[in-house]
Amino acid sequence: MYKAILFDLDGTLTDSGEGIMKSVQYALEKIGKPEPNLEKLRVFVGPPLLKQFMEYADLDEETGRQAVAFYRERYTPVGVYENCLYPGIEEMLAGLKGRGYKLGIASSKPEHFVLIVLEYFKIKEYFDVIVGSEMDGTRTNKAEVLEEALRRFGMEKHREQVILVGDREHDILGARKAGLDCVAVSWGYGSMEELTKAEPLKIVNSAEELLDFFA
């Protein structure tokens, strides 16, 4: 039986695509690899940013880090707020908390920005543990984030009692690597094909359905 539920942030609790994609577009323009089609940049929502820049624009690590720096020039003052909660999220979190679950965040987004988002939407109070990556680019791998979340929960030896909720393949695969089950949500930035191929425990289609799953 699960006692703790970890949530991805971008694409799972918040629809953060606009701010992320526009900030990526800004960064690509600055490094001389412009992308006029904003929709193509949906692939940046969720995965670790440096790795995604390097793969998407065929960059070496040094140029990739410069792209991340340019990204933050726009994201820090503007992009982080181009964001909204998905329907029913706060009610779902309140329902889970009311049933006695420990709740946590496990995000590849820098923890600094995770805290800003949670406070902006006034949902920080629901979470016992909040884990993101470091600003220097370390701890971006999902399995590493999950290991830190387990450590902070004090549940490294009780992995069967912890589950992750996420919206992308890397959430599901990261959970598997960390020895955790994963429920995928269909409303985020992973296609149904991507999610199905990664074989989560279940795919849910609404916050209400997710709450029912943990009844």
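Relevant structure appears above.
Residues numbered from 1 in each chain as written. Predicted model: local features only at pLDDT ≥ 70, side-chain atom pairs only at ≥ 80, totals over all residues. Heavy atoms only, no water.

Caption draft 1: Up close: helix H7 (residues 169–177). Within H7 the residues assigned to the buried category are His 170, Asp 171, Ile 172, Gly 174 and Ala 175. Summarising the contacts, the buried residues of H7 are in contact with strand E4 (102–110), helix H6 (142–153), strand E6 (162–166), strand E7 (181–185) and helix H8 (192–198). Two residues or fewer past H7, Gly 179 is found with a positive phi of approximately 80°. (Buried < 20%, exposed > 50% of the residue type's maximum accessible area, 1.4 Å probe, protein only. Helix = DSSP H or I, 4+ residues; strand = E, 2+ residues; numbered from the N terminus. Contact = heavy atoms within 4.5 Å.)

Caption draft 2: A look at the sheet that holds strand E5 (residues 129–133). Spatially, six strands are ordered E5-E4-E1-E6-E7-E8 in an open sheet, and the strand pairing comes out parallel. The open sheet has two edge strands with one neighbour each: E5 and strand E8 (202–204). Going across the sheet, the axis of each strand differs from the next one's by a mean of 25°, ignoring polarity. By the bridge criterion, four bridges tie E6 to E7 in an arrangement that is parallel. Counterpart to Val 165 in the pairing with E7 is Val 183. (Pairing = 2+ DSSP bridges. Axes fitted to C-alpha atoms, helices over the stretch in contact; angles between N-to-C directions.)

Caption draft 3: Representation of unusual backbone geometry in the model. Even without glycine at this site, Asp 58 takes up a positive phi of about 55°. With respect to the helices and strands, Asp 58 occurs in the loop between helix H2 (49–57) and helix H3 (61–75). One non-glycine residue with positive phi stands out, namely Arg 139, at about 55°. For Arg 139, the position within the fold is in the loop between E5 and H6. Its relative accessible area of 16% is what places Arg 139 among the buried residues.

Caption draft 4: Quick peek at the environment of Lys 142. Mapped onto the secondary structure, Lys 142 falls in helix H6. Lys 142 sits 134 residues away from Asp 8 along the chain, and the two C-alpha atoms are 9.5 Å apart. Those residues in contact with Lys 142 that sit more than four places away from it in its chain are Asp 8, Ala 106, Ser 107, Ser 108, Leu 164, His 170, Asp 171 and Gly 174. A distance of 3.0 Å separates a polar atom in the side chain of Lys 142 from a polar atom in the side chain of Asp 8. (Polar contact = N/O pair within 3.5 Å; in protein donor to acceptor, adjacent residues only side chain to side chain.)

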